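# A look at the structure
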Amino acid sequence: MLEQRRILLIVAGGIAAVKIPDLIRRLRERGAAVRCILTKSGAQFVTPLTLAALSGDKVYTDLFDLKDEAEMGHIRLSREADIVLVAPATADLMAKMAHGLADDLATTALLATDKPVMIAPSMNVMMWTHPATQANLSTLQTRQITVVGPGAGDLACGEVGDGRMAEVPDIIAALSRHFQKDVRRGPLARRRAIVTSGPTHEPIDPVRYIANRSSGKQGHAIAAALIAQGADVTLISGPTTEPTPDGVKLVKVETAEQMMKAAQAALPVDIAVCAAAVADWGVSNPAPGKIKKTAGAKPPTVKLAPNPDILATLSKPGSRRPRLVIGFAAETSNVVKNAKTKRVSKQCDWIVANDVSPGTGTFGGDHNTVHLVTADGVEDWPTLRKQAIADRLVERIATALSGKASRE
Ligand code: CTP
């Protein structure tokens, strides 16, 4: 799990820093690359030379070392890692992280990073249980920072209790777990998403069905774009000939009922994008055998019954509601006006409105012209390839969700 993973290790000033050389040695044995930032107080407990020798890399200490800034700015330093590990994380450093202070290289890198952060707190039991530290801890946890330890035991200060830095094997296990879970990287790593795509087929009898012209191109492109940004995607697709994007969990369905069930089974998720052209009505009583054409008999009548509305169901307020629910509006007139009404009536967050009139080439085509309708207003996007629309939409999703805790 740790093979070829790049770990930026921030070593702060606590007695547990003496365990860090052993941590580095074991991480490197497992194939990880370790690069260290040593804080000023960390250097009271462990020398830069020791860390450099064990990590096989330069140790970074000073924000204002111009040579470092020229060779490797703090931003690059924090971005060229797969994870930032703070060990030991002192009460002071946790407080600075919680409040966004950036007064040295370690805190600046922590503020500038776009990578997952893990901390291994280490401090006196009273400091650990102090409401200030606990409040800072909660703040950090809501930002999806992983906390490993601390454990209970004898503390260096002579007291006994919580505050002992997690043991080296426990930190290694937490890192391994992280990489196991976070096989994907990107701004949507660890976000769960459902995408519905394609048409539905509503059977009339075993050989005939009611369908629509949806190709699934847009929905599949959105699933692929979400994957590319690191999300864990369940693609619930009606019958299409679109290739399945790599990395998605594909659930193939035919009917709206099946699509509804599959969407509910995939909950909880952070994001739901309903791009499918779901049939509004199914056949109320599909024939179990092929309906025969008997000479002289009247043509059969097909009685329709309403299908469940997947978008509206997912959008209902409640604890299982995805944080962001996005629907499409397929319209042939009054595109934006109808989309605005749909957004409100279905209680979703955003609607991607598109004109599907004959002649626009939307259904089945590679391009689309859409309007993004949100609570803040309407954005008219230029005509773009469906893939580009997907990329833009997913970029917007990542921005909207940044800083919000994910559903696991
Ligand atoms: N939708 C859904 N389940 C349905 C019908 C629609 O999830 N049974 C979703 C679509 O995936 C899309 C949005 O609702 O995200 C709007 O679909 P659209 O076909 O434009 O509108 P309808 O709700 O079907 O309304 P109308 O046909 O009257 O325009």
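Residues numbered from 1 in each chain as written. Predicted model: local features only at pLDDT ≥ 70, side-chain atom pairs only at ≥ 80, totals over all residues. Heavy atoms only, no water.

Another point: the overall build of the protein chain. In terms of helices and strands, the protein chain carries 14 helices and 22 strands. Seen through its principal axes, the protein chain has C-alpha atoms that stretch 95 × 40 × 40 Å. Sorting the 408 residues of the protein chain into buried and exposed places 48% on the buried side. For the protein chain, the share of sequence-separated contacts (at least 6 apart) that also reach a separation of at least 24 residues comes to 68%. Summed over its atoms, the accessible surface of the protein chain is roughly 19,500 Å², and 53% of this surface lies on carbon and sulfur atoms. Counting 50 positive and 41 negative side-chain charges, the protein chain places the averaged centre of each group 8 Å from the other. (Helix = DSSP H or I, 4+ residues; strand = E, 2+ residues; numbered from the N terminus. Buried < 20%, exposed > 50% of the residue type's maximum accessible area, 1.4 Å probe, protein only. Contact = heavy atoms within 4.5 Å. Areas by Shrake-Rupley, 256 points an atom, 1.4 Å probe, with all protein chains shown as cover. Lys, Arg positive; Asp, Glu negative; His and termini not counted. Charge placed at Lys NZ, Arg CZ, Asp CG, Glu CD.)

This next bit is on the domain arrangement of the protein chain. You can read the domains of the protein chain as domain 1 (6-179) and domain 2 (187-401). A C-alpha centroid distance of 44 Å is found between domain 1 and domain 2. (Domains from an automatic or database assignment.)

This brings us to the sheet that holds strand β1 (residues 6-11). Here 6 strands make up an open sheet; going across it, the order is β3-β2-β1-β4-β5-β6 and the pairing parallel. Each edge of the open sheet carries a strand with a single partner, namely β3 (59-60) and β6 (146-147). For strand β4 (residues 83-89) and strand β5 (residues 117-121), the ladder comprises 4 bridges, and the chain directions are parallel. Bridge pairing in β5 links V86 to I119. Contacting β1, β4 and β5, helix α5 (residues 91-99) runs over the sheet at an angle of about 150 degrees to β5. Packing of helix α6 (residues 105-112) onto the sheet brings it into contact with β1, β2 (33-38), β3, β4 and β5, and relative to β2 it is tilted by some 125 degrees. (Pairing = 2+ DSSP bridges. Axes fitted to C-alpha atoms, helices over the stretch in contact; angles between N-to-C directions.)

As a further point, take the site of the ligand. Neighbouring the ligand are 14 residues; C274, A276, F328, K342 and K346 lie closest to it. At 2.8 Å from an oxygen atom of the ligand is found a main-chain nitrogen or oxygen belonging to L311. For the ligand, whose accessible area on its own is 560 Å², the fraction buried by protein is 78%. At the level of secondary structure, the elements contributing two or more residues to the shell around the ligand comprise α12 (310-315), β17 (324-331) and α13 (335-346). (Near = heavy atom within 4 Å. Polar contact = N/O pair within 3.5 Å; in protein donor to acceptor, adjacent residues only side chain to side chain.)

We now examine the pattern of salt bridges. Any two side chains of opposite charge can pair if their charged atoms end up close together. Taken as a whole, this structure holds 21 salt bridges when the rule is applied. Here K19 makes a salt bridge to E167, at a shortest N to O gap of 3.6 Å. In this pair, K19 is assigned in the loop between β1 and α1 (20-29) and E167 in the loop between β8 (160-164) and α9 (168-181), connecting sequence segments 148 residues apart. Across the pair E379 and R396 runs a salt bridge, and its minimum N-O distance is 2.7 Å. Here E379, found in strand β21 (residues 377-380), pairs with R396, found in helix α14 (residues 386-401); they are 17 residues apart in sequence, far enough to count as distant. (Salt bridge = Lys/Arg side-chain N within 4 Å of Asp/Glu carboxyl O.)

On to the packing of helix α10 (residues 217-228) against α14, then. Contact pair α10 / α14: the axes reach a minimum separation of 8 Å and the direction vectors enclose 45 degrees. Overall, the two elements α10 and α14 adopt an arrangement that is oblique. Of the two possible hands of crossing, α10 and α14 adopt the one that is right-handed. When α10 is examined against α14, the residues K217, Q218, A221, I222, A225 and L226 are found in contact with a partner set consisting of K386, Q387, I389, A390, D391, L393, V394 and I397. Taken together, the residues that form the contact of α10 with α14 break down as 9 nonpolar, 2 polar and 3 charged. (Parallel < 35°, antiparallel > 145°, perpendicular 65-115°, else oblique. Left-handed = near helix turned anticlockwise from the far one by under 90°. Nonpolar A, V, L, I, M, F, W, Y, C, P; charged D, E, K, R; others polar.)

Here we come to the nonpolar core. In this structure, L188, L226, V233 and I397 are the most contacted members of the largest nonpolar core, which totals 32 residues. Of all the elements in the fold, those that place two or more residues in this core are β9 (192-197), α10, β12 (232-237), β14 (271-274), β17, β18 (350-355), β20 (370-374) and α14. Not counting the four nearest positions on each side in its chain, I397 is found in contact with L188, L226, I271, V273, L324, I326 and W350. Judged by nonpolar contacts, the second largest core, of 31 residues, contains C36, L38, I83 and L85. (Core = buried A, V, L, I, M, F, W, Y, C linked by side-chain atoms within 4.5 Å.)

Our focus in this paragraph is the sheet that holds β18. The mixed open sheet is built from 8 strands, whose spatial order is β13-β12-β9-β14-β17-β18-β20-β21. Lying at the two open borders of the sheet, with one neighbouring strand each, are β13 (249-252) and β21. Taking the axes of each pair of neighbouring strands and ignoring which way they run, one obtains an average angle of 15 degrees across the sheet. As defined by bridge partners, β9 adjoins β14 across 4 bridges and the pair is classed as parallel. Looking at the pairing, A193 lines up with I271 of β14. Across the face of the sheet, α10 comes into contact with β9, β12, β14 and β17 while running at roughly 165 degrees to β9.

On to α1. Of the residues making up α1, those classed as buried are I20, P21, L23, I24 and L27. Along α1, the residues classed as buried sweep out an arc of 160 degrees about the axis, all on the same side. (Arc of directions from axis to C-beta.)

This next bit is on the packing of aromatic side chains. One pass over the structure, following the stated rule, counts 0 aromatic pairs. The ring of W381 carries the charged tip of R392 above its face, separated from the ring centre by 5.2 Å. Sitting above the plane of the W350 ring, R396 keeps its charged end 5.8 Å from the centroid. (Phe/Tyr/Trp six-rings, centres within 6.5 Å; stacked < 30°, edge-to-face > 60°. Lys NZ or Arg CZ within 6 Å of the ring centre and 35° of its normal.)

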